[in-house]
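Summary of structural features
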Amino acid sequence: MPSRRAGRLRVVVVALVLAGCGVAYGVWRARVRPAARPLDEARPSWPAPVPSEAASADSPVAGVSDPPPPHAETLEDLITGLERNPDQPEAWHRLGLAYRRQGEAEAEGGMDPRPAYEKSAAALGESQARLPGREETLNALGEVYQLLAAEEGARGGDVRPVLAGAIATFDNAIGWALGNSVAYLWRGNLHMRLGEAEAAAGVDARESFKEAVMDFTRASNMDRTAWKAFANRGLAYEKLEEWDMAVSSYEAALRIVGDAFPPLEEWLAKARARQGGR
């Protein structure tokens, strides 16, 4: 009985944290939000997440999130189940996806989806803590952070705190599941986005791009077939203007993926031209 009470208390605490995300997020935005910019100018440059078979190299998604369950499972259903037994990583995962769907619906309806995306990230973090290294959860986390950053940028906000928070989440994920290439791939992608945001703000971004290179290198060392890790590393080396290493990375990616991702040939040609023009 004490363990059950403790479990219920933990779920109540997490639920309160989720419920308070909107308030905390509003305070955070009031402190860091810069002057508004036109929406089109504020949108981030990276594409929306896509399934792995058609993924672009700068959107490292090794899989897609689980589909919704066949029955209409509500947020209340999930929270009630977690109150009974909080040690259910799959239920936390589904709760995160449910909050994401809520946020997407709010965005379509012209409402602010960021509080729902924050709750989604928190629930997915609970799932990852209970079942470290699950690729579906890692992908869902990366995707929802990209959605959150995109919404912040579209409203003229500063995406850097969002990306820094996402990187910290993946720091924890890597600590729980050492050797997971997907976690390093996502963290490298987030470092790239942070570097781009820093450069746009006139801040020295080299450290972020170097962190991205290291993460993509770790991912490629763990999975030598992960062509996106090599391709993304080439993009990061381009940001650092290290053209020899960019060429080497693109060539490694092409040896794996062949002509299945045509932009790689263009990137390689561009890097070779810069390599010979130094």
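What this report covers is the structure whose coordinates are included nearby. (Residues numbered from 1 in each chain as written. Predicted model: local features only at pLDDT ≥ 70, side-chain atom pairs only at ≥ 80, totals over all residues. Heavy atoms only, no water.)

**Considerations on the packing of helix H8 (residues 181–200) against helix H10 (residues 227–239)**
One way to put it is that H8 packs onto H10 with a least axis distance of 11 Å and a crossing angle of 20°. What the angle tells us is that H8 and H10 run roughly parallel. In the packing of H8 onto H10, the handedness of the crossing is left-handed. Between H8 and H10, the residues in contact are Leu 185, Asn 189, Met 192 and Glu 196 and Lys 228, Ala 229, Asn 232, Leu 235, Ala 236 and Lys 239, respectively. Among the residues making up the contact of H8 with H10, the classes are represented as 5 nonpolar, 2 polar and 3 charged. (Axes fitted to C-alpha atoms, helices over the stretch in contact; angles between N-to-C directions. Helix = DSSP H or I, 4+ residues; strand = E, 2+ residues; numbered from the N terminus. Parallel < 35°, antiparallel > 145°, perpendicular 65-115°, else oblique. Left-handed = near helix turned anticlockwise from the far one by under 90°. Contact = heavy atoms within 4.5 Å. Nonpolar A, V, L, I, M, F, W, Y, C, P; charged D, E, K, R; others polar.)

**Observations regarding helix H11 (residues 243–257)**
Look at H11: 21 Å from first C-alpha to last across 15 residues, which is about the 21 Å you get at 1.5 Å a residue. Those residues of H11 hidden inside the fold are in contact with H10 and helix H12 (263–276). (Expected span 1.5 Å × (residues − 1).)

**Points about the packing of helix H4 (residues 89–108) against helix H6 (residues 135–154)**
Packing of H4 against H6 brings their axes to within 11 Å, and their N-to-C directions diverge by 25°. The pairing of H4 with H6 is recorded here as roughly parallel in orientation. Regarding H4 and H6, the two cross each other, and that crossing is left-handed. Across the interface between the two elements, His 93, Leu 97, Arg 100, Glu 104 and Ala 107 of H4 pack against Glu 136, Thr 137, Ala 140, Glu 143, Leu 147 and Glu 151 of H6. Residues of the contact of H4 with H6, tallied by class, amount to 4 nonpolar, 2 polar and 5 charged.

**Description of the packing of aromatic side chains**
Within the structure shown, the criterion is met by 4 aromatic pairs. Consider the rings of Phe 170 and Trp 186, whose centres lie 6.5 Å apart with planes at 25°: the pair is stacked. One end of the pair, Phe 170, is in helix H7 (residues 160–176); the other, Trp 186, is in helix H8, and 16 residues separate them in sequence. Judged by relative accessible area, Trp 186 falls into the buried class, the value being 0%. Plain terms: the ring middles of Tyr 250 and Trp 267 are 6.0 Å apart, the flat faces sit at 45° to each other, and that makes the pair tilted. Highlighted residues: Tyr 250 in helix H11 and Trp 267 in helix H12, separated in sequence by 17 residues. Like Trp 267, Tyr 250 is buried. Cluster of aromatic residues (ring-pair linked, three or more members): Trp 227, Tyr 250, Phe 261 and Trp 267. (Phe/Tyr/Trp six-rings, centres within 6.5 Å; stacked < 30°, edge-to-face > 60°. Buried < 20%, exposed > 50% of the residue type's maximum accessible area, 1.4 Å probe, protein only.)

**Structural notes on the environment of Leu 194**
Take Leu 194: it is sitting in helix H8. Spatially, the C-alpha atoms of Leu 194 and Val 162 are 9.1 Å apart, while their sequence positions differ by 32 residues. What Leu 194 contacts, discounting residues up to four positions off in sequence, is Arg 160, Leu 163, Ile 167 and Ser 208.

**Concerning the pattern of salt bridges**
Summed over the entire model, instances satisfying the criterion amount to 18 salt bridges. Between Glu 104 and Arg 100 there is a salt bridge, with its nearest N and O atoms 3.0 Å apart. Here Glu 104 and its partner Arg 100 are both found in helix H4, 4 residues apart, which amounts to about one turn of the helix. For Asp 158, the salt bridge goes to Arg 160, with nearest N and O atoms at 2.8 Å. Looking at Asp 158, the relative accessible area reads 16%, which means it is buried. Its relative accessible area of 27% is what places Arg 160 among the partly exposed residues. Among the charged side chains, a network of salt bridges with common partners joins Glu 90, Arg 94, Arg 134 and Glu 136. (Salt bridge = Lys/Arg side-chain N within 4 Å of Asp/Glu carboxyl O.)

Purely spatial values, then, with no claim about function.
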